[in-house]
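# Summary of structural features
The primary structure of each chain is shown beneath.
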Amino acid sequence: MKILVSVKRVPDPYAKISPNATGTDINRDGLQMAVNPFDEIALEEAIRLKEAGKATEVVAVSIGGAESQEQLRTALAMGADRAILVQTDETLDAPSVAKILAAVYRREQPHLMLMGKQAIDMDENQVGQMLAAILDLPQATFASKITIENGSATVERETDNGIETIRMPLPAIITADLRLNEPRYVALTGIVRARSKPLETITPADLGVQTRTRVRLTQVEAPPARKAGKRVSDVHELVRLLREEARVI
Amino acid sequence: MKVLIVAETDGGRVSEKTLPAIAFAQQKSPETFTILAIGDNLQGVEMLTGYGAQAVLTVNHPALAKPLAERYAPVVAHYAQQLGADAIVATTTTFSRDLLARVAGLLDAPMLSDITALESANGKLVAKRPIYSANLIGTFEVEGSHVVMTVRGPAWGKPEPKGASPVQNAEAPADIPTRSEWLSLQGGGGGRPDLTQARVVVSGGRPLKDPETFEKYIGGLADALGGAVGATRAAVDSGIAPNELQVGQTGKTVAPELYIAVAVSGSVQHLAGMKDSKVIVAINTDPEAPIFQVADYGLVADLYQVVPELTELLKNSGS
């Protein structure tokens, strides 16, 4: 079984994010970049499936500028077998990303595609579902447990109403939630080995995809700040203020 | 703008989580919106009929008895096209995130997730939505006449009562894919109000030790206020509280009238899910905890002492 995993280059989740001087984007000076944490979880799951003998090959794909090679090298160091960079400097919206990934999927013909439920920059949570629609495949979003057996996937999903379990035949698109696993640390031997693993670079045009971005970020601002209120000395004062000042109880 | 609202259902019953999407439609397209509810033998449809929608369409079919995106998406796409909808809208939840992005994929439509504001400028839709874990607000322009949107519940509130809408039974399209099967749902309920809908939310962090302690102190205080229970990611990860109670970046977004954070330090990720609450109370032993920076009322104290006191005081005074 071949597994395709998409990884996006995003700001490090612990980096301080602020608007740039013109308020048109974030300030990217000296910003540390990383693999999108949810994609890292998806990749870890794919590697574990390979280690468990359920998968034979793990292919990582990223879309972005040449600098996204860095995140693909991380994926290779974690344990992916090879990597594909669809190189473009365009800012793409989710449908465009889904179309490019669909073309990569058709070229690679995997049995399973794993990806993060969302990227932690735009927090859209769209691409996996769009991809499943374009490819007419079953989908399982927000996966917190995946069991592969007899050509089908049983997936526990974290929904607002609790843990939902669904089952679908493969191939399918599954998006990873936080509690699916804890990604491994990359070992030095992995980093060394990653250097000799194949990393192919192609373009959207090579895949025959023409993208048209229709959703554009035009302005970035800090949300209105909430100011700290007052300290109370005991529960009696708290209840009195909630009742008489805030009037919420 | 012609709006199609997709009602949230669990396949058997309409959820009140639909209401903010109706409030959105009342504000942005008061004359021309239709509500679509999908399931099998659907109950609670009358919840949707008092808000001035042109019609409430119900699609009932045995294959739609559980809310699987693969099965529901073609139904939504079918009626969006039939009605000539310019916008397909639902309240942001895991149900709508799963379903509407698939609908957008089927229709090749652009999508905006979790919007807090929407205007029209120079023939383009301009929306605001939280980005970077709600650390920033982004303004987005959308090209083209069709768009799929999920709307952030707390930003749109509740709809106004308006004229009655006719309920129309609509046929399910013939080609519903049935590859995905629904097997089970664990958790939820417990007799308390829904976390995202509740007027009062009491949340607890990891210092609550274990599920019994968490339920006794956090559940007890929530019950004294008729409120819902929430939890931090740390509390959920350490098994103290179930996953669906998590408030924050990867959990739920809540904006109740009163949010009481008990032994919650106030990580950026947690704040992302609750900082729009009207009044925030923080109870924490650490006076430097970041939660105090957003709290309207802060009490530096040991929860094991003050939470029972507070619970008793509220019970005895009949709040």
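Note that this is a predicted model, so its numbers are computed, not measured.

Criteria and cut-off values
- Residues numbered from 1 in each chain as written.
- Chains lettered and ligands numbered in written order.
- Predicted model: local features only at pLDDT ≥ 70, side-chain atom pairs only at ≥ 80, totals over all residues.
- Heavy atoms only, no water.
- Helix = DSSP H or I, 4+ residues; strand = E, 2+ residues; numbered from the N terminus.
- Rg over C-alpha atoms; globule rule 2.2 N^0.38 Å.
- Buried < 20%, exposed > 50% of the residue type's maximum accessible area, 1.4 Å probe, protein only.
- Contact = heavy atoms within 4.5 Å.
- Phe/Tyr/Trp six-rings, centres within 6.5 Å; stacked < 30°, edge-to-face > 60°.
- Buried area = accessible area lost by both parts, 1.4 Å probe.
- Salt bridge = Lys/Arg side-chain N within 4 Å of Asp/Glu carboxyl O.
- Polar contact = N/O pair within 3.5 Å; in protein donor to acceptor, adjacent residues only side chain to side chain.
- Pairing = 2+ DSSP bridges.
- Axes fitted to C-alpha atoms, helices over the stretch in contact; angles between N-to-C directions.

### Some points on the overall build of chain B
When you go through chain B residue by residue, the secondary structure sums to eight helices and 16 strands. Radius of gyration (C-alpha) of chain B: 21 Å, near the 20 Å computed for a compact globule of 319 residues. With the C-alpha coordinates aligned to their principal axes, the bounding extent of chain B is approximately 60 × 45 × 40 Å. In chain B, buried positions account for 58% of the 319 residues. When contacts within chain B are restricted to residue pairs at least 6 apart in sequence, long-range pairs at least 24 apart make up 64% of them.

### Description of the packing of aromatic side chains
Residues and elements named next belong to chain B. The final tally for this structure, using the stated rule, is three aromatic pairs over all chains. Between the aromatic rings of Tyr-72 and Phe-95, the centroid separation amounts to 6.4 Å while the plane-to-plane angle is 80°, which identifies the pairing as edge-to-face. Taken together, the positions of Tyr-72 in helix 2 (residues 69–83) and Phe-95 in helix 3 (residues 94–107) put the pair 23 residues apart, joining distant regions of the chain. Ring centres of Tyr-217 and Tyr-304 lie 5.0 Å apart, and the angle between their planes is 90°; this geometry places the pair in the edge-to-face category. Of this pair, Tyr-217 sits in helix 5 (residues 211–224) while Tyr-304 sits in helix 8 (residues 303–316), and the two are 87 residues apart along the sequence. On the basis of relative accessible area, Tyr-304 is assigned to the partly exposed category, the value being 25%.

### Side note on the interface of chain A and chain B
Contact with chain A, which involves 76 residues of that partner, is made by 83 residues of chain B. Between chain A and chain B, the buried area comes to about 7000 Å², and carbon and sulfur atoms account for 52% of it. Three residues, Asp-160, Arg-214 and Arg-226 of chain A, lead the burial of chain A against chain B; their summed loss comes to 12% of the area buried on that side. Scanning the region where chain A abuts chain B turns up eight salt bridges. In this structure, Glu-221 of chain A and Lys-128 of chain B form a salt bridge, with 2.9 Å as the shortest nitrogen-oxygen distance. In this assembly, chain A and chain B are joined by 46 residue pairs in polar contact (both at pLDDT 80 or more). Taken together, the elements giving at least two residues each to the side of chain A that touches chain B come down to helix 3 (94–108), helix 4 (127–135), strand 7 (139–149), strand 8 (152–159), strand 9 (162–169), strand 12 (215–221), strand 13 (230–231) and helix 6 (235–244) of chain A. For the side of chain A that touches chain B, the element with the highest residue contribution is strand 9 of chain A, accounting for eight residues.

### Examining the sheet that holds strand 8 of chain A
Pairing within the open sheet is mixed, and its 10 strands lie in the order 11(A)-5(A)-4(A)-1(A)-6(A)-10(A)-7(A)-8(A)-9(A)-11(B). Only two strands of the sheet have a single neighbouring strand rather than two, namely strand 11 (199–202) of chain A together with strand 11 (181–186) of chain B. In this sheet, adjacent strand axes meet at a mean angle of 30° when their direction is disregarded. Here four bridges tie strand 6 (residues 112–116) of chain A to strand 10 (residues 173–176) of chain A, and the two strands are oriented parallel to one another. Bridged to Gly-116 of chain A within strand 10 of chain A is Ala-176 of chain A. Sitting on the sheet, helix 1 (residues 37–51) of chain A is in contact with strand 1 (2–6), strand 4 (57–64), strand 6, strand 7 and strand 10 of chain A, with an inclination near 145° to strand 6 of chain A. Strands in contact with helix 4 of chain A are strand 6, strand 7 and strand 10 of chain A; relative to strand 10 of chain A, the strand with the most contacts, it is inclined by about 180°.

### Points about the pairing of strand 14 (residues 258–262) of chain B
All names here are of chain B. Counting buried positions along strand 14 gives five out of five residues, so the element sits mostly inside the fold. Residues Leu-258, Ile-260 and Val-262 point to one face of strand 14 and Tyr-259 and Ala-261 to the other, with burial holding for every one of them. Sheet topology places strand 12 (residues 200–204) next to strand 14; five bridges connect them, and they run parallel. Pairing of Val-200 across the sheet is with Leu-258, part of strand 14.

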